[in-house]
Amino acid sequence: MKRVITYGTFDTLHYGHIRLLQRARALGDYLIVALSTDEFNALKDKTAFHSWEERKAHLEALRYVDLVIPENTWEQKREDVQLYKVDIFTMGDDWHGKFDFLSDLCEVVYMPRTEGISSTMIRDKMRTG
Ligand code: C2G
């Protein structure tokens, strides 16, 4: 059982997120998503449109996601990897290199982002119509 973990806000879930989660799950047999809380989003200067509970429900509806846990801090990743016995940590390559410090604990894989879609773009379109 190869266990994979990824982190993010996953606001206004879109096909860029879903392709990321699909590829992440395909790296192993079990995918954990650490979902940014609203408090942690504030640390990322982000304000999600959907609540944490709504974003969690969206992710849990996907066949690629096996478990959703809260992401509260930048520092929790090492503990999460050990606690959940993670074999592979993966993120989109906009984070390339940023989490290499985990490579003594697990494999670190950065995957190409999906171009042409973002939560910001969706929110702007929702605002302007
Ligand atoms: N993503 C993607 N393609 C897009 C948009 C997002 O592949 N068009 C990926 C990102 O690279 C990331 C994941 O989807 O791996 C979630 O994206 P966000 O919700 O924007 O996550 P972010 O704010 O980058 O949070 O501790 C890490 C942070 O919590 C990452």
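Whatever comes next refers back to the structure up there.
The notes below deal with the structure included here.

Criteria and cut-off values
- Residues numbered from 1 in each chain as written.
- Predicted model: local features only at pLDDT ≥ 70, side-chain atom pairs only at ≥ 80, totals over all residues.
- Heavy atoms only, no water.
- Near = heavy atom within 4 Å.
- Polar contact = N/O pair within 3.5 Å; in protein donor to acceptor, adjacent residues only side chain to side chain.
- Areas by Shrake-Rupley, 256 points an atom, 1.4 Å probe, with all protein chains shown as cover.
- 1 Å grid on protein atoms, 1.4 Å probe; cavity = no way out; pocket = protein on both sides within 12 Å on 5 of 7 lines; lining within 4 Å.
- Sits in = over half its atoms within 2 Å of the grid points.
- Helix = DSSP H or I, 4+ residues; strand = E, 2+ residues; numbered from the N terminus.
- Core = buried A, V, L, I, M, F, W, Y, C linked by side-chain atoms within 4.5 Å.
- Buried < 20%, exposed > 50% of the residue type's maximum accessible area, 1.4 Å probe, protein only.
- Points joined across faces, edges and corners; volume = space filled by probe spheres on them.
- Nonpolar A, V, L, I, M, F, W, Y, C, P; charged D, E, K, R; others polar.

## Focus: the site of the ligand
For step 1, the next point in the chain: Not every one of the 22 residues close to the ligand is listed here, only the nearest: K46, E71, D94, T114 and I117.
For step 2, the next point in the chain: A distance of 2.9 Å separates an oxygen atom of the ligand from a polar backbone atom of G92.
For step 3, the next point in the chain: Between an oxygen atom of the ligand and a side-chain N or O atom of W95, the distance comes to 2.8 Å.
For step 4, the next point in the chain: Protein contacts shield 95% of the accessible area of the ligand, which totals 640 Å² for the unbound molecule.
For step 5, the next point in the chain: Counting atoms within 2 Å of the grid points, the majority share of the ligand lands in the largest pocket.
For step 6, the next point in the chain: Contributions of two or more residues to the shell around the ligand are made by β1 (3–8), α1 (15–26) and β4 (88–92).
For step 7, the next point in the chain: In terms of residue count, the dominant contributor to the shell around the ligand is α1 (3 residues).

## Looking at the nonpolar core
For step 1, the next point in the chain: Counting residues in hydrophobic clusters, the biggest one holds 17 residues, and the most contacted among them are L21, L31, V33, L59 and V65.
For step 2, the next point in the chain: At the level of elements, α1, β2 (30–36), α3 (52–60) and β5 (107–111) are the ones that each hand at least two residues to this core.
For step 3, the next point in the chain: Counting residues in each nonpolar core, the second largest holds 14 residues, with Y7, A34, F89 and Y110 among its members.

## Notes on the layout of surface pockets
For step 1, the next point in the chain: Taken as a whole, the largest pocket encloses approximately 640 Å³ of empty space.
For step 2, the next point in the chain: H17, K46, D94, W95 and R113 are, among the 33 residues lining the largest pocket, the residues nearest its centre.
For step 3, the next point in the chain: Elements represented by at least two residues in the lining of the largest pocket include exactly β1, α1, β4 and α5 (119–128).
For step 4, the next point in the chain: A total of 4 residues in the lining of the largest pocket trace back to one element, the largest contributor, which is α1.
For step 5, the next point in the chain: Among the residues making up the lining of the largest pocket, the classes are represented as 11 nonpolar, 12 polar and 10 charged.

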